[in-house]
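Structure assessment
One letter stands for each residue in the lines below.
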Amino acid sequence: MLLALARLWVGLLLSAVVTAGDGELRDRATAAGVAVTAGAAPPPGVRVVDLAGAPADGRGPLPLDPAQVRTLAAGEPVTTGFAGPAHAEPGGPTRWVAVAVTLPDGSRRLVLAVRDLDGAVALLRGAAGWFLPAVLVAAAALTGAAWLATRAALRPVDRLRTAAAGLDVGDRLPVPLAADELTALAVEVNALLARRDEAVDRLRRFSDDAAHELRSPIASLRAQAEVAVAHPSPGSSEEDRAAWRGVARDAERLSALVADLLALARAEGGTRGEPVPVDLADALGEALARAGADEDAVATTVWVPVPVRAAATPAEVGLVLDNLLGNARQHARSVVHVSAVPAGRWVRLLVDDDGPGIPAADRERIFDRFTRLDATSGATGAGLGLALVARLVEGRGGTVRAGSSPDGGARLTVRWPAAP
């Protein structure tokens, strides 16, 4: 593109330089024609030829072919010895202009005025040498200026983007002082954030109210079922007692489900307290005490070689550990290994079991709500435990990953921010 523009510019310059002196040449030819008609000899730089191009002034032949002579006779200028600014012929480029005159004897002659174009050739050669680099430099300068102007224009947008990336629940974007499109955009985004926070708050309140309303009837149902199992009425059959035991188990599962749903709704709603240093060794001891003795005699080992403290709340850490240990002990064959180690700005918690493991294709999906794999179809959970773990840990900027354990089962790796 730039090369084409450069060639066009040089061509226009050539045309302007070549035709610039045509008027002067025509005046010279006209004045010489008057002299030739009066019988005087033509002045230097002027030639006289007949209509066939043969010299009529007693001088040597001209570098004009018949076609060029016809062009001159028609009143059009002719350039000879010139093929372009970089291709001058040995004789040098010249410009010819003709004026037709009639001699006293009635014969017709062409009076030719000529000038050389060596200066034009030198000018065009110089122009061709510097114009293309100048165009490239100008294009580079224009591109740089456009880039700087675009960056300057988009800098307020970038500030809004940076501010939006760090927003928490209840925060808003800073509104620019200038009354322009960015200000209107910030106002609209803040209104959208307000509607989002309001919707999240309504959902949280609904979850809290629903959970509290469900807890009482579920607790009453569970208590009645447990009483019926512990103190069966006289004359009740074994089928009646088995039915009450099933009701008690279902009530227990329903109570756990309501508690998990409430915790998950709060975690996804962003309602969390300020992080404090939580010692993982102490938290693991408390979680194991809450788990109690396992009826399948699954052994649990804990390895915390140095003090490890996570930046969270004790309630969050307790829920994460309860769900991870419960999941591992439910699927392990004989042993669960738990370890916690520092890792720079993070702390790592590893929970390994020797169970069937998690297929590679399902290692992301297990952190979705209500996900239960075929390998765990006999489990009593609702598929909310690992989803709750992921929300709680990610809410603190951490990560949860599923992989393979050295014991042949599943490994769940939690990475929490380390407490200062």
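What you see is a predicted model; the values in this text were computed from it and never measured.

Residue placement: Thr313 occurs in the loop between strand 7 (309-312) and helix 8 (314-331). For Thr313, a relative accessible area of 13% corresponds to the buried category. When neighbours within four sequence positions are excluded, Thr313 is seen to be in contact with Gly273, Glu274, Val276, Val278 and Arg396.

With that settled, the discussion passes to helix 2 (residues 22-37). Between its terminal C-alpha atoms helix 2 stretches 22 Å, which fits the 22 Å expected from 16 residues at 1.5 Å a residue. Those residues of helix 2 that fall on the buried side of the exposure criterion are Asp22, Leu25, Ala29, Ala32, Gly33 and Val36. Down the axis of helix 2, the buried set is contained in an arc of 110°. They therefore lie on one face. For helix 2, exposure combined with an orientation more than 90 degrees from the buried face picks out Glu24, Asp27 and Val34. Gly39 lies just past helix 2 and shows a positive phi near 95°.

Close contact between helix 8 and helix 9 (residues 385-394) brings their axes to 9 Å; oriented N to C, the two are set at 145°. As helix 8 packs across helix 9, the resulting crossing turns out to be left-handed. Touching Glu316, Leu319, Val320, Asn323, Leu324 and Asn327 of helix 8 are Gly385, Leu386, Leu388, Val389, Leu392 and Val393, all from helix 9. Here the contact of helix 8 with helix 9 is built from residues that sort into 8 nonpolar, 3 polar and 1 charged.

Turning our eyes to something else, we now look at the pattern of salt bridges. Where charged atoms of side chains with opposite charge meet at close range, the side chains can pair. A complete count under the given rule lists 10 salt bridges for this structure. A salt bridge links Glu316 to Arg396, with the nearest nitrogen and oxygen atoms 2.9 Å apart. Of the two residues, Glu316 is situated in helix 8 and Arg396 in the loop between helix 9 and strand 10 (399-404); the sequence distance between them amounts to 80 residues. Accessibility assignment for this pair places Glu316 and Arg396 in one class, buried. Arg411 is the partner of Asp352 in a salt bridge, and the nearest nitrogen-oxygen pair spans 2.7 Å. With Asp352 in strand 9 (residues 346-353) and Arg411 in strand 11 (residues 410-417), this pair connects stretches of sequence that are 59 residues apart. Residues participating in the shared-partner salt-bridge network are Arg47, Asp57 and Arg59.

Here we take up the nonpolar core. Side chains of a nonpolar character, in soluble globular proteins, are inclined to be buried together. Membership of the largest hydrophobic core comes to 38 residues, with the highest contact counts inside it found for Leu324, Leu349 and Trp416. Going through the elements one at a time, helix 7 (280-291), strand 7, helix 8, strand 8 (335-343), strand 9, helix 9, strand 10 and strand 11 are the ones with two or more residues in this core. The contact partners of Leu349, leaving out residues within four places of it in the chain, are Leu284, Leu321, Leu324, Val338, Ser339, Ala340, Leu412, Thr413, Val414 and Trp416. The next biggest cluster of nonpolar side chains, apart from the first, holds 12 residues, and it includes Leu25, Ala32, Val46 and Val97.

What follows covers the packing of helix 7 against helix 8. Here helix 7 crosses helix 8 at 55°, and the two axes come no closer than 9 Å. Taken together, the axes of helix 7 and helix 8 lie oblique to each other. Crossing handedness for the pair helix 7 and helix 8: right-handed. Seen from helix 7, the contacting residues are Leu280, Ala283, Leu284, Ala287, Leu288, Arg290 and Ala291; seen from helix 8, they are Val317, Gly318, Leu321, Asp322, Leu325 and Arg329. Residue composition of the contact of helix 7 with helix 8, by class: 9 nonpolar, 1 polar and 3 charged.

This next bit is on the sheet that holds strand 2 (residues 78-80). Spatially, 1-4-3-2 is the arrangement adopted by the 4 strands of the open sheet, whose pairing is antiparallel. The two strands at the open ends of the sheet, each matched to only one other strand, are strand 1 (46-49) and strand 2. Averaged over all neighbouring strand pairs, the angle between strand axes comes to 30°, with direction disregarded. Pairing analysis gives 3 bridges linking strand 2 to strand 3 (residues 94-102), with the strands arranged antiparallel. By the bridge assignment, Thr80 is partnered in strand 3 with Thr94. Running over the sheet, helix 2 touches strand 1, strand 3 and strand 4 (108-116) and is turned about 35° from strand 3.

Buried residues dominate strand 3, accounting for 7 of its 9 residues. Here strand 3 folds back onto strand 4 in antiparallel fashion, the turn holding 5 residues, of which Gly106 has a positive phi close to 90°.

Another aspect to go through is the side chain of Thr80. Mapped onto the elements of the fold, Thr80 is located in strand 2. According to the relative accessible area criterion, Thr80 is buried, its value standing at 7%. Within polar-contact distance, the side chain of Thr80 engages the side chain of Thr94 at 2.6 Å. In this structure the side chain of Thr80 is engaged in a polar contact, spanning 3.0 Å, whose partner is the side chain of Trp96.

With that settled, consider helix 9. The buried fraction of helix 9 amounts to 8 of the 10 residues, a majority that puts the element mostly inside the structure. Considered for burial, the residues of helix 9 that qualify are Gly385, Leu386, Ala387, Leu388, Val389, Ala390, Leu392 and Val393.

Glancing now at the confidence of the model for the chain. Residues at a pLDDT of 70 or more form 82% of the chain, whose mean pLDDT is 79. Scored below 50 in pLDDT, residues 83-90 makes 11 contacts in the model with residues more than four places away or belonging to other chains.

As a further point, take the packing of aromatic side chains. Scanning all chains against the criterion turns up 0 aromatic pairs. The ring of Trp346 is capped by Arg415, whose NZ or CZ atom sits 4.1 Å from the centre of that ring.

Before going further, it helps to examine the environment of Leu284. For Leu284, the position within the fold is in helix 7. Separated by 19 residues in the primary sequence, Leu284 and Trp303 place their C-alpha atoms 10.0 Å from one another. Dropping the residues within four chain positions of it, Leu284 is found in contact with Val302, Val304, Leu321, Val338 and Leu349.

Conventions and cut-offs
Residue numbers here run from 1 along each chain, matching the order of that chain's written sequence. Under the rules for a predicted model, residues below a pLDDT of 70 receive no local features and side-chain atom pairs below 80 are neither given nor counted, while totals for whole chains, interfaces and linings still include all residues. With hydrogens and water set aside, each side-chain value is computed from the structure's full complement of heavy atoms. Going along the chain from the N terminus, every DSSP run of H or I of four or more residues is numbered as a helix, and every run of E of two or more is numbered as a strand. To sort residues, take the accessible area from a 1.4 Å probe on protein chains only and compare it with the maximum for the residue type: under 20% means buried, over 50% means exposed, and anything in between is partly exposed. Any two residues having at least one pair of non-hydrogen atoms within 4.5 Å are treated as being in contact. Each residue after the first adds 1.5 Å to the expected span of a helix. For this quantity, the arc is that covered by the directions from the helix axis to the C-beta atoms. Note on definitions: angles span 0 to 180 degrees between N-to-C directions of axes, and those axes are lines fitted to C-alpha atoms, for helices only across the stretch in contact. What makes a crossing left-handed is the near helix being turned counterclockwise from the far one by less than a right angle; a clockwise turn instead makes it right-handed. Residue type decides the class: Asp, Glu, Lys and Arg count as charged, Ala, Val, Leu, Ile, Met, Phe, Trp, Tyr, Cys and Pro as nonpolar, and the leftover types, Gly among them, as polar. Any Lys or Arg side-chain nitrogen located within 4 Å of an Asp or Glu carboxyl oxygen qualifies as a salt bridge. Nonpolar core, defined: a set of buried Ala, Val, Leu, Ile, Met, Phe, Trp, Tyr and Cys residues in which side-chain atoms within 4.5 Å join the residues together. In what follows, roughly perpendicular refers to angles from 65 to 115 degrees, roughly parallel to angles under 35, roughly antiparallel to angles over 145, and oblique to any angle outside these ranges. For two strands to be treated as a pair, DSSP must find at least two bridges joining them. Under this definition, polar contacts are N or O atom pairs within 3.5 Å; protein pairs additionally need one hydrogen-donor-capable and one acceptor-capable atom, and for neighbouring residues in sequence, both atoms have to be side-chain atoms. Summary of the metric used: pLDDT quantifies the predictor's per-residue confidence within the range 0 to 100. Stacked, tilted and edge-to-face are the three classes assigned to paired rings of Phe, Tyr and Trp, where Trp is represented by its six-membered ring and a pair needs centres within 6.5 Å; plane angles under 30 degrees give stacked, over 60 edge-to-face, the rest tilted. Distance and angle both matter: a charge sits over a ring if NZ of Lys or CZ of Arg is within 6 Å of the ring centre and within 35 degrees of the ring normal.

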